[in-house]
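Inside the fold
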Amino acid sequence: MDCQVCEVRSSVGYCVECQKILCETCGVTCENCNKLSCPDHIHETSSGRVLCKGCYDERREKRKQMKAAHSKKTEGDTSLEGLESAEDEGDIGDEALVASARRPIQPWQFSVYIASAGIVVALLALFIDALRRIPMGGNNYINSGWIFLIIPVLAIIWAVVGLTKEEYYEDRPKCFYGLAASVVAAVLTLVVIVRDPGPDQTETGLQDVRQSMSEEELQRWREDTLNQYQR
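Quick look at the structure, then. For clarity, every value in this text was computed on a predicted model and none was experimentally measured.

Some details on helix α3 (residues 107-127)
An α-helix turns once per 3.6 residues; consequently, residues spaced three or four apart project the same way. Helix length check: α3 (21 residues) gives 31 Å between terminal C-alpha atoms against 30 Å at 1.5 Å per residue, within 8%. Those residues of α3 that are buried lie in contact with α4 (144-148), α5 (150-164) and α6 (175-194).

Take a look at the structure:
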């Protein structure tokens, strides 16, 4: 039978609270009794432990009993130690109900982060001419845009991972955020490549003129150039 949460993967068990059939991905295991719970009936304590409803209620009941016993011991104790101890006991019962267990960063998040970085880099290169070239010695250089283009490609790869891997099925729609940001980053990077000014045309023109000069004209040009600096 298929999981009643994702309706895609095969079931491996059921929720101890609502009896909903669960797969290995949608079912969350209680750290105390190892029973499965659906995302709507799993509880997380303030210390980060994941418990089913039964273990969670049992834990809270024990905490209440401990707090009541401690209150009797510290009744009338207005010292600093007594107040701090009572305050700590109150913090123990402050626990949160969460929809699911904590998960690592998902592929769609990697895609969005990387694509965003690509957009920032491309914008900087558009406004700062020095970022568009990597000098290679002499008049040779590499257009930085071709290197920057790797960033949106990586973002697209992570988005494709999120779209194709079964374990990330629930977050598939979010992968399109990363794809959209990747397209924007790629377009901006292509603009950076197109806007490269190319070789210095002035220097290239002078070289062409000198090559067309005769030996006497070249010598005269050198002397005129030196005389400009000696004046």
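Now that the structure has been shown, we can carry on.
Description of the environment of Leu188
With respect to the helices and strands, Leu188 occurs in helix α6. Given the relative accessible area of 19%, Leu188 is considered buried. With 68 residues separating them along the chain, Leu188 and Val120 place their C-alpha atoms 9.6 Å apart. Apart from residues lying up to four places away in sequence, Leu188 is in contact with Ile119, Ala122, Leu123 and Leu126.

Here's the deal with the side chain of Gln106
Note on placement: Gln106 falls in the loop between β7 (96-97) and α3. Judged by its relative accessible area of 7%, Gln106 falls in the buried class. Apart from residues lying up to four places away in sequence, Gln106 is in contact with Tyr168 and Asp171.

Some thoughts on the nonpolar core
Counting 6 residues, the largest nonpolar core is built from Ala122, Ala125, Leu126, Phe148, Leu188 and Val192. Elements with a minimum of two residues in this core: α3 and α6. By residue number, the principal contributor to this core is α3, which donates 3 residues. When near neighbours in sequence (up to four residues on either side) are disregarded, Ala125 contacts Leu131, Arg132, Phe148 and Val192. Counting residues in hydrophobic clusters, the runner-up holds 5 residues, among them Cys30, Leu51, Cys55 and Tyr56.

What counts, and at which threshold
Residues numbered from 1 in each chain as written. Predicted model: local features only at pLDDT ≥ 70, side-chain atom pairs only at ≥ 80, totals over all residues. Heavy atoms only, no water. Helix = DSSP H or I, 4+ residues; strand = E, 2+ residues; numbered from the N terminus. Expected span 1.5 Å × (residues − 1). Contact = heavy atoms within 4.5 Å. Buried < 20%, exposed > 50% of the residue type's maximum accessible area, 1.4 Å probe, protein only. Core = buried A, V, L, I, M, F, W, Y, C linked by side-chain atoms within 4.5 Å.

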